[in-house]
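Take a look at the letters that make up each chain.
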Amino acid sequence: EGEFCFRYFDLQQMNWMTAPARLPYIEEAYETIEVTDEVLMKRLEKQPENGATLLLDTAYLHGMLKDEKFDRPVNPMVLLAVDRESGMILHVKLLSPEEEEGMAAANFLVNYIEADGRPEKVLARNPYILYALDEICEKLGITLNEAPIQEIDIIMEGMRKQTGNL
């Protein structure tokens, strides 16, 4: 565990050798979105709490789309927001390859709060979403938790069947 096969050419033996080597530790770079617009934050704080629990996640559609901006077909990722109690899909956004899922989730959450009020909880399993929403949720008193949200898997499987995997 934590190792990979390392191939090198041994000049003394004049032969290719294989040896185990430790995997390098690479720390993930998750970014928290810092909201600097105090007017926006005050406006969001004034919105009433609506008691909702939102499920936010991203998933790949497992298909290929041709896009003129890219040399190769892209495997589209969608941002999905679901109301846990009703099971209603609140938001589906097809993300472009350059679009960051954390920023897309933050934009959704801000728009949702402005339109429908502050949710009580946001559940997500994607670390990019969790880190991106951390400060916003903390400032607004919204509980943010990591959770294995199977509801999203069920919805995504239905979407994949409907689209025929694109």
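Residues numbered from 1 in each chain as written. Predicted model: local features only at pLDDT ≥ 70, side-chain atom pairs only at ≥ 80, totals over all residues. Heavy atoms only, no water.

Draft legend 1. Quick look at the nonpolar core. Core analysis: the biggest nonpolar cluster contains 30 residues, and Leu56, Leu109, Val122 and Leu133 have the highest contact counts within it. Only helix H1 (38-46), strand S3 (53-60), strand S4 (77-83), helix H2 (101-116), strand S6 (121-124) and helix H3 (127-140) provide two or more residues apiece to this core. Discounting residues that sit within four places of it in the chain, Leu133 has contacts with Leu56, Ala105, Ala106, Leu109, Val122 and Leu144. Val82, Leu123, Ile149 and Ile152 belong to the second-largest nonpolar core, a separate cluster that totals 12 residues. (Core = buried A, V, L, I, M, F, W, Y, C linked by side-chain atoms within 4.5 Å. Buried < 20%, exposed > 50% of the residue type's maximum accessible area, 1.4 Å probe, protein only. Helix = DSSP H or I, 4+ residues; strand = E, 2+ residues; numbered from the N terminus. Contact = heavy atoms within 4.5 Å.)

Draft legend 2. Geometry of H3. With 14 residues, H3 extends 20 Å from end C-alpha to end C-alpha; this agrees with the ideal 20 Å at 1.5 Å per step. Where H3 bends most, at Asp134, the angle is about 45 degrees. Those residues of H3 lying buried are Ile129, Leu130, Ala132, Leu133, Glu135, Ile136, Cys137 and Leu140. Contacts from the buried residues of H3 go to H1, S3, S4, H2, S6 and strand S7 (143-146). The distance from a side-chain oxygen at the start of H3 to the backbone nitrogen of Tyr128 is 2.7 Å, and the residue carrying that oxygen is Asn126. Looking one or two places after H3, you find Gly141, whose phi comes out positive at around 70 degrees. (Expected span 1.5 Å × (residues − 1). Bend = angle between axes of the 7 residues up to and from the residue. Polar contact = N/O pair within 3.5 Å; in protein donor to acceptor, adjacent residues only side chain to side chain.)

Draft legend 3. Spotlight on the side chain of Thr53. With respect to the secondary-structure elements, Thr53 resides in strand S3. With a relative accessible area of 18%, Thr53 lands in the buried category. When near neighbours in sequence (up to four residues on either side) are disregarded, Thr53 contacts Val82, Asp83, Arg84, Lys121 and Leu123.

Draft legend 4. The packing of H2 against H3, seen in detail. It is at 7 Å that the axes of H2 and H3 come closest, and there the two elements cross at 30 degrees. Judged by the twist between their axes, the crossing of H2 over H3 is right-handed. Facing Glu101, Gly102, Ala105, Ala106, Leu109 and Ile113 of H2, the residues of H3 in contact are Tyr128, Ile129, Ala132, Leu133, Ile136, Cys137 and Leu140. Here the residues of the contact of H2 with H3 sort into 11 nonpolar, 1 polar and 1 charged. (Axes fitted to C-alpha atoms, helices over the stretch in contact; angles between N-to-C directions. Left-handed = near helix turned anticlockwise from the far one by under 90°. Nonpolar A, V, L, I, M, F, W, Y, C, P; charged D, E, K, R; others polar.)

Draft legend 5. Expanded view of the pattern of salt bridges. Scanning all chains against the criterion turns up 6 salt bridges. Between Lys93 and Glu99 there is a salt bridge; the shortest N-O distance is 2.4 Å. With its nearest N and O atoms 3.0 Å apart, the salt bridge here joins Lys139 to Glu135. Of this pair, Lys139 and Glu135 both sit in helix H3, separated by 4 residues, roughly a single helical turn. Accessibility expressed as a relative area gives 39% for Lys139, which makes it partly exposed. What emerges from the salt-bridge pattern is a single network uniting Asp57, Arg125 and Asp153. (Salt bridge = Lys/Arg side-chain N within 4 Å of Asp/Glu carboxyl O.)

Draft legend 6. Geometry of the sheet that holds S6. Spatially, 5 strands are ordered S5-S4-S3-S6-S7 in an open sheet, and the strand pairing comes out mixed. At either end of the open sheet lies a strand with only one pairing partner, and these are strand S5 (89-95) and S7. The mean inter-strand angle of the sheet, taken between neighbouring strand axes irrespective of direction, is 15 degrees. Here S3 pairs with S6 via 4 bridges, running parallel. Each bridged residue has a counterpart across the sheet, and for Leu55 the counterpart in S6 is Leu123. (Pairing = 2+ DSSP bridges.)

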